[in-house]
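Notes for the structure review
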Amino acid sequence: TQLLEQSPQFLSIQEGENLTVYCNSSSVFSSLQWYRQEPGEGPVLLVTVVTGGEVKKLKRLTFQFGDARKDSSLHITAAQTGDTGLYLCAGGLYGQNFVFGPGTRLSVLP
Amino acid sequence: GAGVSQSPRYKVAKRGQDVALRCDPISGHVSLFWYQQALGQGPEFLTYFQNEAQLDKSGLPSDRFFAERPEGSVSTLKIQRTQQEDSAVYLCASSDGQGGTNEKLFFGSGTQLSVL
């Protein structure tokens, strides 16, 4: 059983469209991170959210941590082809190791 | 180096062979993690070191998997008597170990292991 679930599993959109991907769990996390991974490379950290209800913006990316610290969303505005990749969420378990979700594979078409 | 370095980049092994995968973390990083990533999946935790101490090895799938970090920097993940289900990308990550909720993991590019 996955501790973290991500949806959708796959997403293919046209350049310029907006999208939201989700990360859900029944567990409470001390923090939640989002990573992007490109083929043949390791994941690269995008953001860490630590407070329930927190919203962080990184250019066209908006990250939100749920009030109960069990879920998170990533919203991309005006997607670009360079946004293509595997988006992973990872939950921090109170100073222990990070648990990763299975990822959302995003394809942005020109 | 500037980032986490892993070698080899690719490894092909015959079933039953032993393999050793190397990770050079970012200089000064006290924490080191190993993850296994199957095709199309997210990384699965294997083991964690703080300096030379292996604090958590709960994710190692069997006693064929062994990791060490004898001097608190370079780490080696060894897999004995490889099996086809061991085929995956093995990712290493390091962090400065400041810990808590803002731990930042820096990943290497991984070693892609194929067991034939």
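Everything below is about the structure printed above this text.
Since the model is a prediction, treat every value here as computed from it, not as a measurement.

**Side note on the sheet that holds strand S8 (residues 75–79) of chain B**
Sheet strands pair by backbone hydrogen bonding; their relative direction is either parallel or antiparallel. Residue and element names in this part refer to chain B. Judged by pairing direction, the sheet is antiparallel, and its 4 strands sit side by side in the order S1-S3-S8-S7 without closing on themselves. Strands with a single pairing partner mark the edges of an open sheet, and in this sheet they are strand S1 (5–7) and strand S7 (65–68). This sheet shows a mean twist of 15° between the axes of neighbouring strands, independent of strand direction.

**Digging into the pattern of salt bridges**
Taken as a whole and judged by the stated rule, the model has 6 salt bridges over all chains. For Arg36 of chain A, the salt bridge identified is with Glu38 of chain A, shortest N-O distance 3.1 Å. The closest approach of N and O atoms between Glu68 of chain B and Lys78 of chain B, which form a salt bridge, is 3.4 Å. Placement of Glu68 of chain B in strand S7 and of Lys78 of chain B in strand S8 is noted, with a sequence separation of 10 residues between them. For Lys78 of chain B, a relative accessible area of 33% corresponds to the partly exposed category.

**A word on the packing of aromatic side chains**
Applying the stated criterion across every chain yields a total of 8 aromatic pairs over all chains. Residues Tyr35 of chain B and Phe45 of chain B carry aromatic rings whose centres are separated by 6.0 Å and whose planes lie at 75° to one another, so their mutual orientation is edge-to-face. Here Phe45 of chain B lies in strand S5 (residues 44–50) and Tyr35 of chain B lies in strand S4 (residues 31–37), a separation of 10 residues in the sequence. Accessibility assignment for this pair places Tyr35 of chain B and Phe45 of chain B in one class, buried. The rings of Tyr35 and Phe100 of chain A together with Phe33, Tyr35, Phe45, Tyr48 and Phe107 of chain B are connected pair by pair, giving a single aromatic cluster. Here Arg9 of chain B stacks its cationic end above the ring of Tyr10 of chain B, 5.6 Å away from the centre of that ring.

**Structural notes on the state of the cysteines**
Residues and elements named next belong to chain A. Tallied over the entire structure, the rule returns 2 disulfides over all chains. Across a sulfur-sulfur distance of 2.1 Å, Cys23 and Cys89 are joined as a disulfide pair. Where Cys23 bonds to Cys89 through sulfur, the torsion about that S-S bond is close to 75°, and the disulfide is right-handed. Of this pair, Cys23 sits in strand S3 (residues 19–24) while Cys89 sits in strand S9 (residues 85–92), and the two are 66 residues apart along the sequence. Each member of the pair Cys23 and Cys89 is classed as buried.

Cut-offs used in this document
- Residues numbered from 1 in each chain as written.
- Chains lettered and ligands numbered in written order.
- Predicted model: local features only at pLDDT ≥ 70, side-chain atom pairs only at ≥ 80, totals over all residues.
- Heavy atoms only, no water.
- Pairing = 2+ DSSP bridges.
- Helix = DSSP H or I, 4+ residues; strand = E, 2+ residues; numbered from the N terminus.
- Axes fitted to C-alpha atoms, helices over the stretch in contact; angles between N-to-C directions.
- Salt bridge = Lys/Arg side-chain N within 4 Å of Asp/Glu carboxyl O.
- Buried < 20%, exposed > 50% of the residue type's maximum accessible area, 1.4 Å probe, protein only.
- Phe/Tyr/Trp six-rings, centres within 6.5 Å; stacked < 30°, edge-to-face > 60°.
- Lys NZ or Arg CZ within 6 Å of the ring centre and 35° of its normal.
- Disulfide = S-S within 2.5 Å.

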